[in-house]
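Single-letter residue listing:
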Amino acid sequence: MSPRTITVTRDELLERREQILQHLGVDRRTFERRVAEGALVGDEWYAAQDREEIAFLLDDERDA
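Residues numbered from 1 in each chain as written. Predicted model: local features only at pLDDT ≥ 70, side-chain atom pairs only at ≥ 80, totals over all residues. Heavy atoms only, no water.

Caption draft 1: Structural context of the packing of helix α1 (residues 10–24) against helix α3 (residues 43–58). Between α1 and α3, the shortest axis-to-axis distance is 10 Å and the interhelical angle comes to 165°. By the angle class used here, α1 and α3 are roughly antiparallel. Read as a crossing pair, α1 and α3 show a hand that is left-handed. Side by side, α1 and α3 meet where Arg 10, Leu 13, Leu 14, Arg 16, Arg 17, Ile 20, Leu 21, His 23 and Leu 24 of the first sit next to Asp 43, Glu 44, Ala 47, Asp 50, Arg 51, Ile 54, Leu 57 and Leu 58 of the second. Taken together, the residues of the contact of α1 with α3 break down into nine nonpolar, one polar and seven charged. (Axes fitted to C-alpha atoms, helices over the stretch in contact; angles between N-to-C directions. Helix = DSSP H or I, 4+ residues; strand = E, 2+ residues; numbered from the N terminus. Parallel < 35°, antiparallel > 145°, perpendicular 65-115°, else oblique. Left-handed = near helix turned anticlockwise from the far one by under 90°. Contact = heavy atoms within 4.5 Å. Nonpolar A, V, L, I, M, F, W, Y, C, P; charged D, E, K, R; others polar.)

Below, the structure written as C-alpha cells:
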C-alpha cells in the first residue's frame, strides 16, 4: 500500500495558523512572547508545535 499524500494550499496553512490563535484567544504578539519566555500551558504547547510545523511548510522564518 502506497503512502497517502495530503495536499494543502498556502492559503489553507495561513488560515490554520490564525485559527490556532483564535482557538487560544490570544493575538500573535502575545503568543510569540509566551513561546519566547517558555510560559506556555496546556494546549499552547501543541499550538506552538503546530505553528512551527506550518512555518516549516510555508518556509516562513518568522514562526520558526
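Caption draft 2: View of the pattern of salt bridges. One pass over the structure, following the stated rule, counts four salt bridges. One salt bridge in this structure joins Arg 34 and Glu 44, with 2.4 Å as the shortest N-O distance. Placement of Arg 34 in helix α2 (residues 28–37) and of Glu 44 in helix α3 is noted, with a sequence separation of 10 residues between them. Judged by relative accessible area, Arg 34 falls into the partly exposed class, the value being 26%. (Salt bridge = Lys/Arg side-chain N within 4 Å of Asp/Glu carboxyl O. Buried < 20%, exposed > 50% of the residue type's maximum accessible area, 1.4 Å probe, protein only.)

Caption draft 3: Fine view of the packing of α2 against α3. Orientation of α2 relative to α3, taken along the N-to-C sense of each, is 105°, at an axis distance of 11 Å. With respect to their mutual orientation, α2 and α3 come out roughly perpendicular. On α3, the residues touching Arg 28, Phe 31, Glu 32, Arg 34 and Val 35 of α2 are Glu 44, Ala 47, Ala 48 and Arg 51. For the contact of α2 with α3, the per-class residue count stands at four nonpolar, no polar and five charged.

Caption draft 4: Local environment of α3. Between its first and last C-alpha atoms α3 spans 22 Å; for 16 residues at 1.5 Å apiece the expected length is 22 Å, and the two agree. In this fold, the buried residues of α3 make contact with α1 and α2. Downstream of α3 by one or two residues, Asp 59 has phi in the positive range, about 55°. (Expected span 1.5 Å × (residues − 1).)

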